[in-house]
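Structural characterization, general
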Amino acid sequence: MSEPVTGAPSDSRFGALREQLADAATAFADSPDALTDILAGLVDDVDHALGEELEIFPVCHHSPSSALAMVRRLRDKQPKVIYVELCEDLQPLLIELRNCELPVALQAFASDLDGFPAGAGPLSVIAPITEASAEYQAIAYALETPGVELLLVDRSTDHVFQWQSDDRTDPAAPADGDDEPARQDQQQGQSQQQGQATGEDDEKALHGDAVGVGIGDLRPGFAELEAYLLHHGKVRHWSEWWDQYVEQPLIGADHDTYRQVMVMIGSLFRRLRPSDAARLDRDEDRERYMWTRIRDHLAAYGADPADCLYVCGAFHAASRVEQFGVRSTAPFEITAPTGTKWRYGLIPSSHSAIEAQFGLAGGTVSIAASTWRKALTGSKVTPYRLAGQQGGRKSSARKPKKAAPPATDGTAADATGDDRLSGFLAAPGRPGELDEAELRGWSVDIVRLARRNGYLASTADAIAIFETAVLLAGMRNRRRPTPYDFADAAVTCIEKDVVPGRRDVRRLCEIMFGGDRIGRVGYDAMPPLARDVYDRLAPIGLDPKRRTVQRALLDLHGQPELRPCSDLLWMLRRLLPPEVVRPIMGERRLGEKSVQESWDVAIGRHQRSIIELGYEGVTIEQVLEQRLRRAAWDPQATAAHALGAVEESLLFLQNRRLTDELGARAVQLLAAERTADGAPEVLQRIRQLLAYYRTSGEPELPAWCQDFVSTGYAHYCTLLPTAFVDDETGLRQVAAMLGFLMTMESVAMALGCDRTQLELAVRQSHPEAPAKIALHWAAQSQLGQLPLAELRERCADLLASPLTVGTFPHYLSGFVQALEPVPTLTPFVVEVLSAAFGQLPDPVLLPWLPMLITTLREQAGELVPILVREAGRTFPASLPALDSWTPPWAAAAPTATQTGMPGGGTAPAAEAARYAMSGPAPELLAEFPLAAVAVADLLDCAADPVGGAVAAPPAAGDPAVADLLVRFPASASGIAAHVGLVPAAG
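Not measured: the values here are computed from a predicted model.

Looking now at the packing of aromatic side chains. For the structure shown, the criterion picks out 18 aromatic pairs. With a centroid separation of 5.5 Å and an interplanar angle of 35°, the aromatic rings of Trp-241 and Tyr-245 are classed as tilted. Here Trp-241 and its partner Tyr-245 are both found in helix H9 (residues 238–250), four residues apart, which amounts to about one turn of the helix. On the accessibility criterion, Tyr-245 (36% relative accessible area) is partly exposed. Within the aromatic cluster, the residues linked to one another by ring pairs are Phe-116, Phe-161 and Trp-342. Its guanidinium or amino end placed over the ring of Tyr-384, Arg-75 lies 4.1 Å from that ring's centre, counting from NZ or CZ.

Pasting the structure below:
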């Protein structure tokens, strides 16, 4: 653990301050010993950090005062080696910052994990960089100054996740340790920005769910302490307190004052925080890691610590670990990285994304950027900047100017390294004078911006904002209004109401102070895949630098050379979020390609998505192939998932080898399934694939497709009896299994399957649920095991019995689901439904209707239109025709019992023969005489000169044919029923 605090000698540089703090603790504290230890520990931590041989430069996240102090120190010291607290494996990315427009974020990304828990990926770490940050100034100085070495010394991104404790496994949690005050501050900032446009909310998600790392996360660990500071500081959130009481006083402080104050603040927050052992161990391990790396570098290259600078967070500057300092000999074993392969790159960032990542209030980074620009103007300091940096002025780092000496208050000693802390703490705050010109400009600008955004603001509002800002600042004990005071005044005077979809006034103030500046990664800093995408989309005239949505019109018939662009857009549509590329006109389906297409493309706004694709492969095709393989070979993959991958490979890649591999995988998955949960999707996808192959001009089905049909036929025949009686297997799943077996029957028979399997499976099935019973009856009817007349009688019995009429909607749902495997039952289902509405009395029918509608909507919503179309063909089109209309099933009823025709009744044989003579039977027998002879032999009917061997086909009106039909009417009726011929009415 950390080294215990030892008392410093009374003659040290902070001896007088230590005595003053001890006297104050004795005078004001109830327990002076405890408070004395804390206050003395703060002073000892400052003395300990400043006494280190290697100069420690404490900084804070995106702090203008830290950046300004860094510029001054770099110009004064001119160090030869700079150690920076950032993940060491991100160092190769620093050179690419010159090709970007800040703010951007350094990113490490891993999707294929080795050594981390399954399902933990993808893992991502980001480190945002802004111009108003001390780390960027150090990076720019080191890269632009010859002979200067820059070294990142913090733990690697692999160790970031290795060191996360079990209770902090959420990848979205900040690695530096998010706490409750940070979450409260973030929630306050979000509540202040409600009503913003969706596009602005999207900018907050530029970092996604990546873990954020940076330099110097400073805020109290105790919510009570933060609430106390906010209350007595008369501010609303921590960002405003920090700006008012730390940033502004230190913006013009000298180097020694800045260092001592920042170390003291880091020590205060380090000591006053919850006793979270896991977080404390992780922070101290980071400090051990960094000091170990620093000592290793000094020993390897022999650098003089006097020529080096160590840039770290103020929290870590007050460290007391055994490994602290270049003279320490305490060992620390750095664990080996896992086998995870990390990919690195730059992604665009924004002020709002940084605020959301690190729990800052809305507008904090924008106000910091405004403070940075103002401080540069007032101090005449020239910042460091990478040569060729986009979005800013030309670098002047090669010709540094001597910084003007910072103003002092006269209370500190002049000697370097003396006690500047006592003077800073004892001196009252210097209230800034009211800058009327600045405040007047703010008031005019916010009114102008408000009018552009639909507010009825006027010159009177500008005057009111000016006066209100001065009044609010006076109420908060400050003479000069801060940007936060001004924002409160603007909201009070302008925002009379809140209109959904319109920017609120607080957001307009943030825009005025610098806006939500959004960075951009340059072409040369992108991975090869992103550059390839930009190059391949160049023919359609898209500007990758534009952040607006661009419309792309593709006439693929007139300009066939644009077909590769269309293929690329469809692949991007598959791989990227839906808002990146969106088709307006055109579609991509199996066997179909659009002639004209229209696209909305927002690649410039969503650079991060394109860049992260580049971490997975070199080309879009390679990434898509890897994802399809990953989806098919996933441990949770099903046959339906593999078929979906097959379909996408045909749509986008046209890679026969890949398609065959995915198809073979689908066969394996289907044979291994033990339930029918995926049967509906399997049936839908295999039907589409079979239809595609049949129309694609190939001579035969692919081998995997043949294996899938034959395997599926045997597999579903085996599962069918169990699925009928299993309560966990739904009706739709059983219907899909029957649909596969019956619609794929012809293909399966051609591949060598035996129809007896299906017949035995249906006979062995004994369902108990009403819907499955109806589905079983439909399957028996299709296989010839249940005549249609008997099926009609069973339905009539159900409607006639008061015990079963209430469950008839479930039977009807089963019949409707049977339309997929047995589509010829559609007229019968319409008949049964019509009979129910016609026979049931209102006391039974009215309570029955809601149940019927609910059942059909939930279980057969996509099949109801088939019934509606059939009913439209069956029923008359006008109301007058309905009075004289006779249902076809009622007209056919008199001929069924004796002739075997559908409908029931007792017609004589002569009537049946007369129907046969008037129907298509004579032509059928004349064309195929051997069939009639075979049927006669099957029925053991004696052959005569009419029914024997036929030398020549008889004519359609031959008397011999008529005599045969009169003598054997049942045979003709059976053949007509088998081929689906229904006798005409009468």
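On we go from here.
For the rest of this paragraph, the subject is the pattern of salt bridges. Considering all chains together, one arrives at 46 salt bridges under this definition. As a salt-bridge pair, Glu-85 and Arg-286 come within 2.7 Å of each other at their nearest N and O atoms. Here Glu-85 is found in strand E2 (residues 81–87), whereas its partner Arg-286 is found in helix H11 (residues 277–301), with 201 residues between them in sequence. Each member of the pair, Glu-85 as well as Arg-286, carries the same accessibility label: buried. The residue Glu-621 makes a salt bridge to Arg-536 at a minimum N-O spacing of 2.8 Å. Here Arg-536 lies in helix H20 (residues 528–536) and Glu-621 lies in helix H23 (residues 620–632), a separation of 85 residues in the sequence. Judged by relative accessible area, Glu-621 falls into the partly exposed class, the value being 26%. Taking the relative accessible area as the measure of exposure, Arg-536 reaches 26% and is therefore partly exposed. Ionic contacts of the salt-bridge type, sharing partners, join the residues Glu-55, Arg-73, Asp-76 and Lys-77 into one network.

Attention shifts here to H9. Helix length check: H9 (13 residues) gives 17 Å between terminal C-alpha atoms against 18 Å at 1.5 Å per residue, within 8%. Summarising burial for H9: ten of the 13 residues are buried, a large majority. Those residues of H9 not exposed but buried are Trp-238, Ser-239, Glu-240, Trp-241, Trp-242, Asp-243, Gln-244, Val-246, Glu-247 and Leu-250.

Read across the open sheet, the three strands follow the order E11-E15-E12; overall the sheet is antiparallel. Strands at the two margins of the open sheet, each flanked by one partner only, are strand E11 (550–555) and strand E12 (581–585). Shown here is a sheet whose adjacent strand axes are inclined to one another by a mean of 25°, direction ignored. Taken together, the six bridges between E11 and strand E15 (residues 596–601) define a ladder with antiparallel strand orientation. Paired with Ala-552 across the strands is Trp-599, a residue of E15.

Glancing now at the environment of Arg-657. Relative to the assigned elements, Arg-657 resides in helix H25 (residues 656–672). Residue class for Arg-657 comes out partly exposed when judged on its relative accessible area of 44%. When neighbours within four sequence positions are excluded, Arg-657 is seen to be in contact with Glu-625 and Arg-629.

Packing of helix H33 (residues 808–817) against helix H34 (residues 826–839) brings their axes to within 10 Å, and their N-to-C directions diverge by 160°. Comparing their axes, H34 and H33 come out roughly antiparallel. Where H33 crosses over H34, the two elements pack in a sense that is left-handed. Here Phe-808, Leu-812, Phe-815 and Val-816 of H33 lie close against H34, whose contacting residues are Phe-828, Val-829, Val-832, Leu-833 and Ala-836.

Cut-offs and rules
Residues numbered from 1 in each chain as written. Predicted model: local features only at pLDDT ≥ 70, side-chain atom pairs only at ≥ 80, totals over all residues. Heavy atoms only, no water. Phe/Tyr/Trp six-rings, centres within 6.5 Å; stacked < 30°, edge-to-face > 60°. Helix = DSSP H or I, 4+ residues; strand = E, 2+ residues; numbered from the N terminus. Buried < 20%, exposed > 50% of the residue type's maximum accessible area, 1.4 Å probe, protein only. Lys NZ or Arg CZ within 6 Å of the ring centre and 35° of its normal. Salt bridge = Lys/Arg side-chain N within 4 Å of Asp/Glu carboxyl O. Expected span 1.5 Å × (residues − 1). Pairing = 2+ DSSP bridges. Axes fitted to C-alpha atoms, helices over the stretch in contact; angles between N-to-C directions. Contact = heavy atoms within 4.5 Å. Parallel < 35°, antiparallel > 145°, perpendicular 65-115°, else oblique. Left-handed = near helix turned anticlockwise from the far one by under 90°.

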